[in-house]
Amino acid sequence: MMKAASSGRPLAWHLGVLCAALLVPMLVLGGFHLFRMAAVERAQHQGTAREAARQMAIAFDRGLTTYQAMLGVLATSDYLRSGNLAAFRQRALAVPRPEGADIVLRDASGHILTATDRDWSARNAAILVTKADQAAVATGRPQISDVLATTPPRFLVVAPVFYPDGEIEYLLSLAVPTAVLGSLLRREEVPMGMVASLADRHGIIAARSAEAARYIGLPLPARMLEDIGDREAGWLRVPSDDGEPVVAAYAHSAIAGWTAVVSLPEASFAAPLRRSIYFTTAFGLLLGALAAVLAHRFARRIARPIEALAGVAELVAAHGEPLATPVREVNAVARVLAAAQAERRRRAAEREALLMTLDQAQVLVRDPGGTITVWTAGMERLLGWTRAQAIGRTCHALMSTEFPCPLIEIEAELVRFGEWHGTLRHRRADGTQVTVASQWALRRGGDGEPLEVAEACNDITALRETEAALRRNRDLLSSVLEGSADPIFAKDSDGRYAILNAAAAEVLGTTTAVALGRRIGDLVAPDLAAQIEAADSEVIASGAVRIAEEEITLCGGRRRVLLTTKAPWRDASGAMLGLVGVSRDITARRVTEARLRETQAELFRVARINAMGAMATAMAHELNQPLTAAANFAATAGLLLTRHPPPGPPQLEAARELIVESAEEVVRAGRILQRLREFVSRGDTEKQHADINTIVEKAISLVLTGAPEPGVALQLDLARDAPPVLADAVQLQQVIVNLVRNATEAMRGEARQELVVATLRRGADAVEVSVADTGPGLPAALEGHLFEPFMTTKQDGMGVGLAISRSIVEGHGGRLEAAARPGGGTVFRFVLPAVSLRQDREEQANAG
């Protein structure tokens with residue numbers, strides 16, 4: 001028994017074997033479970049990385065959606081439609097945008113028209129045309145560019161702006177610094193130990209959560225780009241540029257096609273497995289060593305670290321720093337927990353700061369039933385309700401919201417697409433109405449059910465009022481244009497019709513729809529187009545108003561005369577935009593004026609014939625004298641030549657003298673008749689340089705031909721230095737004849753009959769003709785009516801002499817006046833412009 005007992009194994013050995021028998025399966029099973037746990041942890045890391053990449057892509061798309069919405073609002077600006085780029089720039093400056101971002105307006109070919117930063121085009125000329133521009137022009141939808149090689153690096157959000165006919169008018173771009181994307185990565189929770197990157201379609205890194213300065217602007221590893229390809233999301237293992245293998249999860253942006261990558265070194269990814277192997281080995285060695293010790297001490301040694309681990313989390317939460325323990329692994333876990341706790345506090349502080357910033361925005365959050373859960377300070381300023389008054393209330397009942405369509409349709413669209421935007425009208429706390437551009441975003445739970453709705457409101461009340469005023473002004477302008485019978489038009493600086501009413505289109509022989517946007521050369525004959533374009537260029541070049549007559553020929557060959565007023569068209573800054581014009585058809589007026597001139601000429605002739613009738617008796621007496629004398633001279637010469645015996649030389653000489661005197665008397669009679677014929681003739685004589693004294697003398701000879709008025713003492717007082725005048729001599733003779741005849745007739749029966757006809761030089765550029773009598777003067781009844789047609793005091797007078805005389809004088813650039821003569825009587829005088837010596841010489845030289 002003793003031998004058996006002594007030959008047996010010590011109890012310690014049996015305990016050791018027993019422990020080993022129990023320990024080995026446990027170690028194998030524990031190792032298997034540890035490997036499974038490591039695999040699960042790897043899968044969790046992979047899932048976390050995938051979700052982080054997906055969330056970054058979603059956050060990037062959400063930001064791009066905001067930018068596109070902002071450009072969409074700007075694209076509807078009436079300033080942009082009217083071409084008022086200065087006002088549009090001011091509107092763009094007022095729009096909230098990311099820090100450092102610029103709004104750039106370009107034409108369809110990519111040339112920059114204006115930007116919120118005036119020096120932007122000079123510093124970033126490289127982005128004039130991008131593939132995003134081409135895609136926006138080709139598709140007509142907003143596009144996102146790749147990272148541009150600007151300073152600092154930027155990317156573009158490009159939105160096309162259309163003409164009413166559907167053609168692209170402008171490209172509206174938002175140039176966003178890539179630094180904004182860095183703040184996006186910082187807002188998203190990147191798993192610890194992982195690095196998040198955001199790259200464009202070519203793989204150029206635009207943002208990175210770590211070592212940004214080193215990697216931004218560089219491409220992703222070539223092998224990574226090949227493996228990613230066109231797949232929407234995935235997981236891959238590739239070597240990095242420095243040769244260290246990395247694993248990464250990626251997801252594509254649905255809007256921009258960019259790639260969000262969350263990567264970490266493979267060594268870090270494999271760390272859980274290595275930790276499991278190390279822990280298993282250490283644990284086995286520890287158990288083997290502890291197998292030689294008593295079981296209860298082994299159990300105690302195993303329980304003590306577990307108890308320590310249980311209290312580490314509470315210690316870290318209470319003190320903020322890990323406490324040192326005798327167990328190295330426990331200390332490592334404590335450090336990890338402390339770091340995680342510090343990171344949680346940091347992110348909580350960042351979220352708090354972000355919430356403080358967002359609190360200034362006009363945003364509310366509500367649950368799917370409409371109950372308000374978040375009400376920012378921005379909403380308090382916008383609508384007037386405090387946070388305490390708003391939270392817990394049904395939002396649209398509180399604000400008495402007016403929707404553009406039924407709310408059920410809006411809610412259905414929100415659930416379907418996850419967002420909705422439109423224009424709403426809310427009631428403020430003071431009862432007034434406000435119009436807002438509202439953007440709704442839906443947040444869903446893990447099961448896809450709606451959790452809450454965020455509504456962002458932008459006050460556009462003033463914008464809508466301005467748009468309404470512009471529409472009223474546009475309607476007023478349209479009514480004025482279409483209600484006017486006169487042609488009204490406006491042309492831009494290129495000569496294209498920008499505004500055209502129906503009357504103007506009719507003059508051009510076309511319609512308003514056809515003429516708008518076209519030049520005059522496209523609508524009328526080349527010679528007329530050249531004439532009109534020259535006049536337009538003169539107005540634009542001089543900046544002065546121009547009034548001129550234009551004669552055009554319509555399609556049917558009918559000619560029309562237009563009196564057109566053209567004035568510069570300027571914007572609010574004074575820049576020349578083109579010209580505006582109003583025309584009036586004066587064809588009928590010109591025809592009437594021509595007929596009136598013909599009638600007036602005929603009336604002048606009738607007046608001359610009337611004057612001739614009054615002079616007929618005196619003229620017959622005047623002609624009787626030379627004709628009787630000529631007959632007597634001829635009869636006497638005949639007697640001398642027929643005497644018997646035949647006449648000698650003295651008789652023949654006497655007969656010859658008698659015949660010569662007879663011929664002179666006949667010539668004298670012919671001259672009298674010639675003057676009478678010229679006076680009566682209607683001939684359309686032209687104005688010529690004439691001596692006013694000669695005209696007066698001939699007129700006096702016509703009036704006083706034959707026996708003058710008995711008792712009239714005529715006095716001619718003609719200025720020797722009277723300058724020449726440009727006149728129709730016959731018409732001026734008619735004026736003087738009328739005035740002299742009126743004067744002699746007015747003095748009949750007067751005791752003193754004196755008639756003074758005088759000329760007088762008036763300065764260097766005028767000459768005066770006056771006819772003064774000593775008659776009874778002008779009747780008071782004729783005051784103010786003396787020169788009116790058919791106004792006369794004679795029983796047999798027509799009353800047109802003075803009216804015609806005044807018209808003739810005014811047609812010569814002068815004026816005819818009547819006044820009382822000092823000492824009794826009346827004086828008629830008219831003043832004519834004189835022809836200067838220099839002007840006379842120039843006209844003679846031109847004629848030569």
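Preceding this section is the structure that the text describes.
Note that the coordinates shown come from a computational prediction; the quantities given were computed from them, not determined experimentally.

The rules behind the values
- Residues numbered from 1 in each chain as written.
- Predicted model: local features only at pLDDT ≥ 70, side-chain atom pairs only at ≥ 80, totals over all residues.
- Heavy atoms only, no water.
- Helix = DSSP H or I, 4+ residues; strand = E, 2+ residues; numbered from the N terminus.
- Buried < 20%, exposed > 50% of the residue type's maximum accessible area, 1.4 Å probe, protein only.
- Contact = heavy atoms within 4.5 Å.
- Areas by Shrake-Rupley, 256 points an atom, 1.4 Å probe, with all protein chains shown as cover.
- Core = buried A, V, L, I, M, F, W, Y, C linked by side-chain atoms within 4.5 Å.
- Pairing = 2+ DSSP bridges.
- Patch = residues over 30% accessible without salt bridge, like charges linked within 9 Å, V, L, I, M, F, W, Y side chains within 5 Å.
- Salt bridge = Lys/Arg side-chain N within 4 Å of Asp/Glu carboxyl O.
- Axes fitted to C-alpha atoms, helices over the stretch in contact; angles between N-to-C directions.
- Parallel < 35°, antiparallel > 145°, perpendicular 65-115°, else oblique.
- Left-handed = near helix turned anticlockwise from the far one by under 90°.
- Nonpolar A, V, L, I, M, F, W, Y, C, P; charged D, E, K, R; others polar.
- Polar contact = N/O pair within 3.5 Å; in protein donor to acceptor, adjacent residues only side chain to side chain.
- Phe/Tyr/Trp six-rings, centres within 6.5 Å; stacked < 30°, edge-to-face > 60°.
- Lys NZ or Arg CZ within 6 Å of the ring centre and 35° of its normal.

Colleague: Report on the overall build of the protein chain, specifying residues and quantitative values.
Modeller: A count of helices and strands for the protein chain gives 26 helices and 27 strands. Residues counted as buried form 37% of the 848 residues belonging to the protein chain. Of all intrachain contacts in the protein chain linking residues separated by at least 6 positions in sequence, the fraction that spans at least 24 positions is 52%. When the accessible surface of the protein chain is totalled, it reaches about 46,900 Å², and 57% of it is carbon and sulfur.

Colleague: Lay out the environment of Ile540 with the relevant residues and their values.
Modeller: One can find Ile540 in helix H20 (residues 526-542). By relative accessible area, which is 28% here, Ile540 ends up partly exposed. Separated by 27 residues in the primary sequence, Ile540 and Ala567 have C-alpha atoms spaced 8.2 Å apart. Once residues lying within four places of it in the same chain are set aside, the contact partners of Ile540 are Met576, Gly578 and Leu579.

Colleague: Mind laying out the nonpolar core, listing which residues take part and the relevant values?
Modeller: Within the largest apolar cluster, 48 residues are counted, with the highest numbers of intra-cluster contacts made by Phe60, Phe155, Leu172, Leu174, Leu181 and Trp258. In terms of residue count, helix H2 (residues 11-75) provides more of this core than any other element does, 13 residues in total. When near neighbours in sequence (up to four residues on either side) are disregarded, Phe155 contacts Phe60, Leu64, Ile144, Ser145, Asp146, Leu174, Ala175, Val176, Pro177, Thr178, Leu181 and Trp258. Within the second largest apolar cluster, 34 residues are counted, among which are Ile695, Ile700, Val767 and Phe830.

Colleague: Go over the pairing of strand S11 (residues 363-366) with me, naming the residues and quoting the values.
Modeller: Note that S11 and strand S15 (residues 450-459) share four bridges and pair antiparallel. Pairing of Val363 across the sheet is with Ala456, part of S15. In this structure, S11 lies alongside strand S12 (residues 372-375), joined through three bridges in antiparallel fashion. Across the sheet, the residue bridging to Arg366 is Ile372, located in S12.

Colleague: Account for a nonpolar patch on the surface, naming residues and giving values.
Modeller: Where nonpolar side chains cluster on the molecular surface, the patch consists of Leu354, Leu355 and Leu358 and spans about 260 Å² of accessible area. Residue position: Leu354 is located in helix H12 (residues 328-358). Residue class for Leu354 comes out partly exposed when judged on its relative accessible area of 35%.

Colleague: So what's going on with the sheet that holds strand S1 (residues 102-107)? Which residues, and what values?
Modeller: In a beta sheet, neighbouring strands pair by backbone hydrogen bonds and run either parallel or antiparallel. One open sheet holds the five strands; their spatial order is S2-S1-S5-S4-S3, and the pairing between them is antiparallel. Of all strands in the sheet, those bounded by a partner on one side alone are strand S2 (112-115) and strand S3 (143-144). As defined by bridge partners, S1 adjoins S2 across three bridges and the pair is classed as antiparallel. Bridging across to S2, Leu105 finds its partner in Thr114. Contacts from helix H4 (residues 85-93) reach S1, S2 and strand S5 (168-177), with the element oriented near 45 degrees to S2.

Colleague: Help me get a handle on the packing of helix H23 (residues 692-703) against helix H24 (residues 729-746), residues and values and all.
Modeller: Across the interface, H23 lies against H24 with an axial gap of 9 Å and an inter-helix angle of 50 degrees. The angle between H23 and H24 falls in the class oblique. In this structure, H23 crosses over H24, and the sense of that crossing is right-handed. Contact residues: H23 offers Ile692, Ile695, Val696, Lys698, Ala699, Ile700, Leu702 and Val703, while H24 offers Ala729, Leu732, Gln733, Ile736, Val737, Val740 and Arg741. Of the residues belonging to the contact of H23 with H24, the class tally is twelve nonpolar, one polar and two charged.

Colleague: So, the side chain of Gln753: which residues are in play, and what are the values?
Modeller: By the secondary structure assignment, Gln753 is in the loop between H24 and strand S24 (754-761). A polar atom in the side chain of Gln753 sits 3.3 Å from the backbone oxygen of Glu750.

Colleague: Go over the pattern of salt bridges, please, and point to the residues and values.
Modeller: Per the stated rule, a full pass over the model turns up 23 salt bridges. The closest approach of N and O atoms between Glu402 and Arg425, which form a salt bridge, is 3.7 Å. One end of the pair, Glu402, is in the loop between helix H15 (395-398) and helix H16 (407-417); the other, Arg425, is in strand S13 (residues 419-427), and 23 residues separate them in sequence. Measuring nitrogen to oxygen at the nearest pair gives 2.3 Å for the salt bridge that ties Arg762 to Glu768. Judged by its relative accessible area of 36%, Arg762 is partly exposed. On the basis of relative accessibility, which here comes to 9%, the residue Glu768 falls in the buried class.

Colleague: Requested: an account of the packing of H24 against helix H25 (residues 801-811), with residues and values cited.
Modeller: Orientation of H24 relative to H25, taken along the N-to-C sense of each, is 145 degrees, at an axis distance of 9 Å. Relative to H25, H24 is oriented so that their crossing is left-handed. In contact with Gln731, Gln734, Val735, Asn738, Leu739 and Asn742 of H24, H25 contributes Gly801, Leu802, Ile804, Ser805, Ile808 and Val809. Tallied by class, the residues present in the contact of H24 with H25 amount to six nonpolar, six polar and no charged.

Colleague: Could you give me a rundown of the sheet that holds strand S27 (residues 826-833), with the residues and numbers involved?
Modeller: An order of S22-S24-S25-S27-S26 is seen for the five strands of this open sheet, with the pairing classed as mixed. With partners counted over all chains shown, the strands left at the sheet margins are strand S22 (713-717) and strand S26 (815-820), one partner each. Across the sheet, the axes of successive neighbouring strands diverge by a mean angle of 15 degrees, strand direction being ignored. By the bridge criterion, six bridges tie S26 to S27 in an arrangement that is antiparallel. For Arg815, the partnering residue across the bridge sits in S27 and is Val831. Against the sheet, H24 contacts S24, strand S25 (766-772), S26 and S27, and its axis sits at roughly 170 degrees relative to S27. Across the sheet, H25 lies against S26 and S27, angled at about 130 degrees from S26, the strand it touches most.

Colleague: Let's hear about the packing of aromatic side chains: which residues, and what values?
Modeller: According to the stated counting rule, one finds five aromatic pairs in the structure shown. Between Phe155 and Trp258 the ring centres are 5.1 Å apart and the planes differ by 65 degrees, which places this aromatic pair in the edge-to-face class. Of this pair, Phe155 sits in strand S4 (residues 154-162) while Trp258 sits in the loop between strand S9 (245-252) and strand S10 (259-265), and the two are 103 residues apart along the sequence. For Phe155, a relative accessible area of 0% corresponds to the buried category. A network of ring pairs unites the aromatic residues Phe60, Phe155 and Trp258 as a single cluster. The cationic tip of Arg366 hangs over the ring face of Trp440; the distance from NZ or CZ to the ring centre is 5.0 Å.

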